[in-house]
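Descriptive structure summary
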Amino acid sequence: MLDLNRLKALHAVHVYGSVGAAADALMVTPSAVSQQIAKLERETGARLMERSGRGVRLTDAAGLLAEHAERILALVETAEADFEALRGEVVGRLGIAAFATATRGLMPGALVQLKRHHPDLHVQLYEREPERVLREVARGELDLGVMQDWLNRPIAMPEGLSRATLLDDVADVAIPADHPLAERREVGLAELHGERWISSSPGTVCHDWLVFTLRNASLEPEIACMADEYPTQLALVAAGLGCAIVPRLGRDCVPDGVRLVPIMPRQTRRIYAVWRTDAARRPAIRATVEALISVSREQENAWAVS
């Protein structure tokens, strides 16, 4: 009888390409992964890993077994989802990840709702960049993710995933209070020619989107400062070091030295929950999505009266 946890360890090495990366994904030590695979070798009577330079590689036998493991793990997940759906109870464990501003702006309220209404559901929350969230949900390492993409640059959705829109988050340009455009009711992107910009780090969704959007408006961005958190970006704007495009969910407290001016055309990012379609029957998934939608509606209502 093949042990499920050992198959899971082998599958993780197959997916991530190394024992160390598999250990990170499974949140165990590399030694624990190696021990699981060594036991699987004894169970199967086949060599599954061999040395390759400073690392290891999977043998052909391991590759074949990993492919079977992927199907087995998918069937186990389906069985668990069906059983939870039959019971109709919001119980068990649920892993969820969200990008930084959603972790701060949406998750606390959603987790409080879940704790109040479903005390037997144990949620583990992680903060992740959107691309990583999507990969980990698709691979079954997370049950649910909170994603973002921009309407003018959407992220491709892999097959086998479902999504629910939580809210549309409008972004404005943050400029120093003494800037010539600070008192305008709105500003066109083309009018920001020659500005210095404050952006998140290269390779992040928001940095790549900013560069893409400005270049589409025939503006070559000069990035003066890089900071991944929007409150830090706003502090840099207040110091007169550049402009930033900041969504509503990322604003928190706006410093006195900053003015937020609507941009034309309007810049909007969509925030949504994503989960594996095969797991949609789990009451825990449905309850968590409902909590996220509820908190998102509260946030939209707060924006409407502010």
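Refer to the structure presented above.
Overview of the structure. (Residues numbered from 1 in each chain as written. Predicted model: local features only at pLDDT ≥ 70, side-chain atom pairs only at ≥ 80, totals over all residues. Heavy atoms only, no water.)

Attention now moves to the overall build of the protein chain. Of regular secondary structure, the protein chain possesses ten helices and eleven strands. When the backbone C-alpha atoms are referred to their principal axes, the protein chain occupies close to 75 × 50 × 30 Å. Counting across all 306 residues of the protein chain, residues that qualify as buried make up 44%. Taking all contacts inside the protein chain whose residues are at least 6 apart in sequence as the whole, residues at least 24 apart take part in 75%. A total of about 15500 Å² of accessible surface is found on the protein chain, and carbon and sulfur atoms cover 51% of it. The protein chain carries 35 positive and 41 negative side-chain charges, and their two centres are separated by 3 Å. (Helix = DSSP H or I, 4+ residues; strand = E, 2+ residues; numbered from the N terminus. Buried < 20%, exposed > 50% of the residue type's maximum accessible area, 1.4 Å probe, protein only. Contact = heavy atoms within 4.5 Å. Areas by Shrake-Rupley, 256 points an atom, 1.4 Å probe, with all protein chains shown as cover. Lys, Arg positive; Asp, Glu negative; His and termini not counted. Charge placed at Lys NZ, Arg CZ, Asp CG, Glu CD.)

With that out of the way, let us pick up the pattern of salt bridges. In this structure the tally under the stated criterion is 17 salt bridges. Between D3 and R6 there is a salt bridge, with the nearest N and O atoms lying 4.0 Å from each other. For R6, a relative accessible area of 17% gives the class buried. E222 is the salt-bridge partner of R196, the closest N and O atoms lying 3.3 Å from each other. Pair noted here: R196 is in strand β8 (residues 196-199) and E222 is in strand β9 (residues 222-226), with a separation of 26 residues, a long-range link. The network of salt bridges with shared partners includes D3, R6 and E43. (Salt bridge = Lys/Arg side-chain N within 4 Å of Asp/Glu carboxyl O.)

Moving on to helix α7 (residues 130-138). Here α7 has its buried residues at P130, V133, L134, E136 and V137. Considering only its buried residues, α7 is in contact with β3 (92-98), β5 (144-150), β6 (161-176), α8 (205-216) and β11 (258-276).

For the rest of this paragraph, the subject is the packing of aromatic side chains. The geometry of an aromatic ring pair comes down to the distance between the two centres and the angle between the two planes. A complete count under the given rule lists one aromatic pair for this structure. Arranged with centres 3.6 Å apart and planes meeting at 10°, the rings of W150 and W209 form a pair that is stacked. In this pair, W150 sits in strand β5 while W209 sits in helix α8, placing the two residues 59 residues apart along the sequence. What makes W209 buried here is its relative accessible area of 3%. The ring of Y272 carries R163 above its face, with NZ or CZ at 3.6 Å from the centroid. (Phe/Tyr/Trp six-rings, centres within 6.5 Å; stacked < 30°, edge-to-face > 60°. Lys NZ or Arg CZ within 6 Å of the ring centre and 35° of its normal.)

Here we come to the side chain of T204. Structurally, T204 can be placed in the loop between β8 and α8. Polar contacts involving the side chain of T204 include one to the side chain of S200, which spans 2.9 Å. There is a polar contact of 2.6 Å between the side chain of T204 and the backbone oxygen of S201. Each residue touching T204, except ones within four places of it in the same chain, is listed here: E129 and D228. (Polar contact = N/O pair within 3.5 Å; in protein donor to acceptor, adjacent residues only side chain to side chain.)

Let's shift gears to helix α2 (residues 19-26). Of all the residues in α2, the buried ones are V19, A22 and A23. One face of α2 carries all of its buried residues, which in axial projection span an arc of 100°. Just past α2, the residue M27 takes up positive phi, approximately 60°. (Arc of directions from axis to C-beta.)

Okay, the packing of helix α6 (residues 107-117) against helix α10 (residues 283-305) next. The geometry of α6 relative to α10 is characterised by a closest axis approach of 9 Å and an angle of 130° between their N-to-C directions. Comparing their axes, α10 and α6 come out oblique. For the element pair α6 and α10, the recorded crossing hand is right-handed. For the pair α6 and α10, contact is made by M107, G109, A110, Q113 and L114 and by A287, T288, A291, L292, S294, V295 and E298, respectively. Residues of the contact of α6 with α10, tallied by class, amount to seven nonpolar, four polar and one charged. (Axes fitted to C-alpha atoms, helices over the stretch in contact; angles between N-to-C directions. Parallel < 35°, antiparallel > 145°, perpendicular 65-115°, else oblique. Left-handed = near helix turned anticlockwise from the far one by under 90°. Nonpolar A, V, L, I, M, F, W, Y, C, P; charged D, E, K, R; others polar.)

So, on to the packing of α2 against helix α3 (residues 30-44). Geometrically, a packed helix pair is captured by the angle between its two axes and the distance between the axes. Where α2 contacts α3, the two axes come as close as 8 Å, and the packing angle between them is 105°. In terms of orientation, α2 and α3 fall into the roughly perpendicular class. Two secondary-structure elements touch here, α2 through V19, G20, A22, A23 and L26 and α3 through P30, V33 and S34. Looking at the contact of α2 with α3 residue by residue, the class counts come to six nonpolar, two polar and no charged.

Another point: the pairing of strand β2 (residues 55-58). Summarising the sheet, strand β1 (residues 49-52) and β2 pair through four bridges and their orientation is antiparallel. Across the sheet, E50 pairs through a bridge with R57, a residue of β2. Between β1 and β2, which follow one another and run antiparallel, lie two residues, and G53 among them has a positive phi close to 65°. (Pairing = 2+ DSSP bridges.)

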